[in-house]
Amino acid sequence: MTDRQATAKVAAAPPGPAAFHLSINNPTVRAILAQLGVGLAVALVAWYLVGNTMDNLARLSIASGFGFLDRQAGFQIGETLIEFGPQDLYSEAFLVGILNTLKVSGVGILLATILGVVLGIARLSSNWLVARIAAFYVETVRNIPLLLQLFLWYGLLTEGLPGPRQAFEPLPGVFLSNRGLKLPAPADDPIWAWVAALFGLGVILTLVIAGWNAKRQAATGKRLSMLPFGLGLIVGLPLLALLAGGGGAIDVPVLQGFNFRGGMTLSPEFAALLFGLVIYTAAFIGEIVRSGILAVPRGQTEAATALGLTRGQLLRLVVLPQALRVIIPPTTNQYLNLTKNSSLAVTIGYPDFVSIANTTINQTGQAVEGVLSIMAAYLVISLSLSFLMNWYNSRVALVER
Amino acid sequence: MSVSETTQERVAPIRPTQGPVAWARANLFSTWYNSLLTLLIAYLLARAIPGIIDWALIKANWTGDAAACRAAGGACWAFLAEKWRFILFGTFPDDQHWRPTLAILTMIGTLVLSADRRFWGRPLIYIWTVGLGFSALMMFGGILGLDYVPTELWGGLPLTLALSIVGLVASFPLGVLLALGRTSDLPVMRGLSVVYIELVRGVPLISILFMASVMLPLFLPAGVSIDKVLRALIGICLFSAAYVAEVVRAGLQAIPKGQVEAAKALGLGYWQRQRLIILPQALALVIPPLVNSFIASFKDTSLVIVIGLLDLLSTAKAALTDPAWRGFYKEAYLFVGIIYFLFCYALSRYSRHLETVLGQGRRR
């Protein structure tokens, strides 16, 4: 009883807000002083560095500011998604670079995800040979610098391959030579409009049937398998249109004289960069997928089997949604790494943003602006990508009640 | 129908549960698609392996010149016999190659000794001081009758090791400070740390290296110039500090709040709390991920090729530009790749080993 009274007394001790003592021992005062000190120190260092830079730029008579963006670039770029010539502006060259970076990162992310998921599942395979080969792949690729792999791929794709006349043809219509990888591509043909329209129609019809199916399942407990409908409508309809249109819709590369004509070309630079990035990042994604699947407790699988779910339903409805929660955040990091690593393009001559900014720095001497543009471009790409992935992550995240 | 007959019907044929056949049945041919995969892989391996052996051993050329190699058609190990010293040591003076060799061995020895948990704590500081000091003496020279070798002549494996090891050691204090700043209650410290960490982690290492190489000279007063290797080192430090900070932050956040409160109740100030209570626990938690970030930074040092340093990968590339020995890139990259692999694989095995050993106390 006395104890409790004592506690009550102590708790009641401070009458109103504590009296403020302006003393070096007051935690609030110390916190403010410390922050002021650090802020001031950082500002001083920044002021000193900027001052030095200004002096140096003036002494070396290097222009400053982003005025150079409106001048003619005067260099040619090997691969562009938009029209570009030497008479175009630096700002347009930058745009070409950013588009090239986005192109290789986008395709790379897509392929690395597919290969990574396959690897992650392969490492957990009950087939000893498959599991060992996947493990060997992951260990080898992860422990060798990406740049070395890029050099090796570039060497293999330029020096290691024969000329167009002796090109390898791993699949019909696909040619691998020292001029790059030639692939069949959609030709300029009206049939593609029909294909696209039927694809859209297929998607809409599938969604309608799926909605009806869900309603029916809620009402009767019976469920139709959606796979034949989806496959038939989304893939079958466009394919039918393509077949009806004849063979003219696809442009297959053909050897003519000393080079190929038609089709789509992946330059050796692009192909080497893409292969390197995909193979390297897939090894990391594979490990993430593996640990994500292992993170789903065994009881979940057993309970789902006990409920009578089929193997496909088990994966789709129970294991995958739970594994995705573990997989997505680290995979986002890998996507960001892939995008940042695409800057290694500068070492093998693929004209990505860093490589174009580097050329600009060499031509104009405006290193500060060049490096700042590189950083700004990657920051924007990184932030948008992580924003996108965070949005997706919040959709699959556990909703707790 | 007699009883014995029914029993016989019910007994399943006895299958061996041990031995190679049973093993293959369970691990290679358990289902129809597993059998199919096994056969497919076996076919592909049977196609690929003879070609590789043919290239690496049978048709390979161990001595002679480039012409002999091209005639033989296989791997040209003679290229490595000719160039291995350049690839390993770069442009370090030829008659002094024993010095980088000793430096490499000392740095590896330092790493191996630090892997032993008996030395953790104060002995580690002595080991690192002696190890790095001796390596620096070997590389620089200038005293004790050794010729002075400027950093412009450094290259190959010692440069790669120096950049990654010194980079890690130097980035560690900054990384810990940034992690403390990011978990601090003070808005200015938190803001500065968050901006620094996110800025650096959002941009590629190449851009930081460009900055260190072209912008750093502009930052300094006129007439002051710094060495190219030092510039790369500063870039690598600033870069890895942000990554170290995130690893350390994970450790700081894993320490229960009760620890801070208990330390406060004992009357310890902020720095005393961090130094005596929080950091020892937090850093012990994050040793395995720190080893992993060391692996990443070891691989990343290969990027210094973009600012013209001759690290292990650049020397291999430079060796390939010799007109007499063009085109043997596979041999060169294989050689360098194996060196990188050995270091990284050993470190990653060690990190996994630490995870199990250190995790034992925490698991129930």
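None of these values were measured; they are calculated from a predicted model.

What counts as what
Residues numbered from 1 in each chain as written. Chains lettered and ligands numbered in written order. Predicted model: local features only at pLDDT ≥ 70, side-chain atom pairs only at ≥ 80, totals over all residues. Heavy atoms only, no water. Helix = DSSP H or I, 4+ residues; strand = E, 2+ residues; numbered from the N terminus. Rg over C-alpha atoms; globule rule 2.2 N^0.38 Å. Buried < 20%, exposed > 50% of the residue type's maximum accessible area, 1.4 Å probe, protein only. Contact = heavy atoms within 4.5 Å. Lys, Arg positive; Asp, Glu negative; His and termini not counted. Charge placed at Lys NZ, Arg CZ, Asp CG, Glu CD. Core = buried A, V, L, I, M, F, W, Y, C linked by side-chain atoms within 4.5 Å. Domains from an automatic or database assignment. Disulfide = S-S within 2.5 Å. Pairing = 2+ DSSP bridges. Buried area = accessible area lost by both parts, 1.4 Å probe. Salt bridge = Lys/Arg side-chain N within 4 Å of Asp/Glu carboxyl O. Axes fitted to C-alpha atoms, helices over the stretch in contact; angles between N-to-C directions. Parallel < 35°, antiparallel > 145°, perpendicular 65-115°, else oblique. Left-handed = near helix turned anticlockwise from the far one by under 90°. Nonpolar A, V, L, I, M, F, W, Y, C, P; charged D, E, K, R; others polar. Expected span 1.5 Å × (residues − 1). Bend = angle between axes of the 7 residues up to and from the residue. Polar contact = N/O pair within 3.5 Å; in protein donor to acceptor, adjacent residues only side chain to side chain. Phe/Tyr/Trp six-rings, centres within 6.5 Å; stacked < 30°, edge-to-face > 60°. Lys NZ or Arg CZ within 6 Å of the ring centre and 35° of its normal.

J.: Just give me the short version of the overall build of chain A, but keep the residues and values in it.
T.: The helix and strand inventory of chain A stands at 12 helices and eight strands. Its C-alpha atoms give chain A a radius of gyration of 30 Å, more than 25% over the compact-globule value 21 Å for 401 residues. Put simply, chain A has 401 residues, and 39% of those count as buried. Put simply, of all contacts in chain A between residues at least 6 apart along the chain, 66% involve residues at least 24 apart. Averaging the positions of the 25 positive and the 19 negative side-chain charges in chain A gives two centres separated by 17 Å.

J.: Describe the nonpolar core, listing the residues and the values that go with them.
T.: Taken as a class, soluble globular proteins show a tendency for nonpolar side chains to be buried jointly. By size, the foremost hydrophobic cluster in this structure holds 143 residues, and its most contacted members are F79 and L163 of chain B. Ranked by residues supplied to this core, first place goes to helix α8 (residues 268-294) of chain A with 14 residues. The residue makeup of this core includes at least three contributed by each of domain 2 (70-92 + 151-359) and domain 3 (94-148) of chain B. Not counting chain neighbours up to four residues away, the residues in contact with F79 of chain B comprise A319, L320, W325, F328, E331 and A332 of chain B. Judged by nonpolar contacts, the second largest core, of 17 residues, contains L180, A245, L252 and L279 of chain B.

J.: How would you explain the state of the cysteines if you had to name every residue and give the values?
T.: Among covalent bonds in proteins, the disulfide is the one between the sulfur atoms of two cysteines. Inspection of every chain in the model, using the stated rule, returns zero disulfides over all chains. C237 of chain B takes part in no disulfide bond, and the closest cysteine sulfur to it belongs to C344 of chain B, at a distance of 19 Å.

J.: Account for the pairing of strand β3 (residues 180-183) of chain A, with residues named and values stated.
T.: Residue and element names in this part refer to chain A. Note: strand β2 (residues 174-177) against β3, three bridges, orientation antiparallel. Residue S177 lies in a different strand from β3, and its bridge partner there is G180. Adjacent in sequence and paired antiparallel, β2 and β3 are bridged by two residues.

J.: Let's hear about the interface of chain A and chain B: which residues, and what values?
T.: The interface of chain A with chain B comprises 52 residues on the first partner and 53 residues on the second. Looking at the side of chain A facing chain B, the largest losses of area belong to Q35, N143 and F151 of chain A, adding up to 14% of the total buried there. Connecting chain A to chain B are one salt bridge. In this structure, E139 of chain A engages R352 of chain B in a salt bridge whose closest nitrogen and oxygen atoms are separated by 3.1 Å.

J.: Can you lay out the domain arrangement of chain B for me, pointing to particular residues and giving the numbers?
T.: For chain B, the domain assignment lists domain 1 (14-58), domain 2 (70-92 + 151-359) and domain 3 (94-148). For domain 1 of chain B versus domain 3 of chain B, the separation of C-alpha centres amounts to 47 Å.

J.: Give me the packing of helix α10 (residues 205-219) of chain B against helix α11 (residues 228-254) of chain B: which residues, what numbers.
T.: All names here are of chain B. As a packed pair, α10 and α11 sit with axes 9 Å apart at the nearest point and diverge in direction by 135°. Between α10 and α11, the angle is such that the two are oblique. Where α10 crosses over α11, the two elements pack in a sense that is right-handed. Facing L205, I208, L209, A212, S213, L216 and P217 of α10, the residues of α11 in contact are R231, A232, I234, G235, I236 and F239. By residue class, the composition of the contact of α10 with α11 is 10 nonpolar, two polar and one charged.

J.: Break down the pattern of salt bridges for me, with residues and values.
T.: Oppositely charged side chains can pair when the atoms bearing their charge come close. Under the defined criterion, the tally for this structure stands at seven salt bridges over all chains. Between R123 of chain A and E287 of chain A there is a salt bridge; the shortest N-O distance is 2.5 Å. One end of the pair, R123 of chain A, is in helix α3 (residues 90-123); the other, E287 of chain A, is in helix α8, with 164 residues separating them in the sequence. Each member of the pair, R123 of chain A as well as E287 of chain A, carries the same accessibility label: buried. E287 of chain A gets classed as buried once you look at its relative accessible area, which sits at 15%. One network of salt bridges, in which partners are shared, links R182, E198, E246 and R249 of chain B.

J.: Which residues make up the environment of P184 of chain A, and what are the values?
T.: Residues and elements named next belong to chain A. Within the secondary structure, P184 is located in the loop between β3 and β4 (185-186). For P184, a relative accessible area of 33% puts it in the partly exposed group. Once you skip the residues sitting within four places of it in the chain, P184 turns out to touch G173, V174, I250, D251, V252 and P253.

J.: Explain helix α8 (residues 156-182) of chain B residue by residue, including any values.
T.: All names here are of chain B. In this model α8 runs 37 Å from its N-terminal to its C-terminal C-alpha over 27 residues, within 8% of the 39 Å that 1.5 Å per residue would give. Maximal helix bending in α8 amounts to about 35°, located at F172; proline P173 follows within four positions. Counting buried residues in α8 gives 19 out of 27 residues, a clear majority hidden from the surface.

J.: Let's hear about the pairing of strand β1 (residues 168-171) of chain A: which residues, and what values?
T.: All names here are of chain A. Alignment of β1 against β2, held across two bridges, turns out to be antiparallel. What sits directly across from L171, in β2, is V174. Linkage of β1 to β2, two consecutive antiparallel strands, is achieved through a turn of two residues, within which G173 is found at a positive phi near 90°.

J.: Go over the side chain of S114 of chain B, please, and point to the residues and values.
T.: Residue and element names in this part refer to chain B. Looking at where S114 falls in the secondary structure, it is placed in helix α6 (residues 98-115). Taking relative accessible area as the criterion, S114 reaches 13% and is therefore assigned buried. A distance of 3.2 Å separates the side chain of S114 from the side chain of W128, its partner in a polar contact.

J.: So what's going on with the sheet that holds β1 of chain A? Which residues, and what values?
T.: Residues and elements named next belong to chain A. Read from one edge of the open sheet, four strands run β1-β2-β3-β8, paired in antiparallel fashion. The sheet terminates laterally at β1 and β8 (264-266), the two strands that pair on one side only. Going across the sheet, the axis of each strand differs from the next one's by a mean of 25°, ignoring polarity.

J.: An account of the environment of G74 of chain B is needed here, citing residue identities and associated values.
T.: All names here are of chain B. Inspection of the secondary structure assignment puts G74 in the loop between α4 (66-72) and α5 (77-89). Given a relative accessible area of 10%, G74 falls into the buried group. In this structure the C-alpha to C-alpha distance between G74 and I53, which are 21 residues apart in sequence, comes to 9.6 Å. Here G74 is in contact with W55, K59, A60, C69 and E331, once residues within four sequence places are set aside.

J.: Tell me about the packing of aromatic side chains, and name the residues and values.
T.: Any pair of aromatic rings gets described here by the distance separating the centres and the angle formed by the planes. This structure, assessed with the given rule, holds 11 aromatic pairs over all chains. Between F94 of chain A and F353 of chain A, the aromatic rings sit 5.2 Å apart at their centres with planes inclined by 75°, giving edge-to-face as the arrangement. With F94 of chain A in helix α3 and F353 of chain A in helix α11 (residues 353-364), the pair connects residues that are 259 residues apart, well separated along the chain. Judged by its relative accessible area of 8%, F94 of chain A is buried. Ring centres of F270 of chain A and Y350 of chain A lie 5.6 Å apart, and the angle between their planes is 50°; this geometry places the pair in the tilted category. Of this pair, F270 of chain A sits in helix α8 while Y350 of chain A sits in the loop between α10 (311-341) and α11, placing them 80 residues apart in sequence. For F270 of chain A, a relative accessible area of 4% gives the class buried. Cluster of aromatic residues (ring-pair linked, three or more members): F294, F298, Y340 and F343 of chain B. The aromatic ring of F270 of chain A is capped on one face by K103 of chain A, whose charged end is 4.7 Å from the ring centroid. If you follow R142 of chain A out to its NZ or CZ, it ends over the ring of F284 of chain A, 5.7 Å from the centre.

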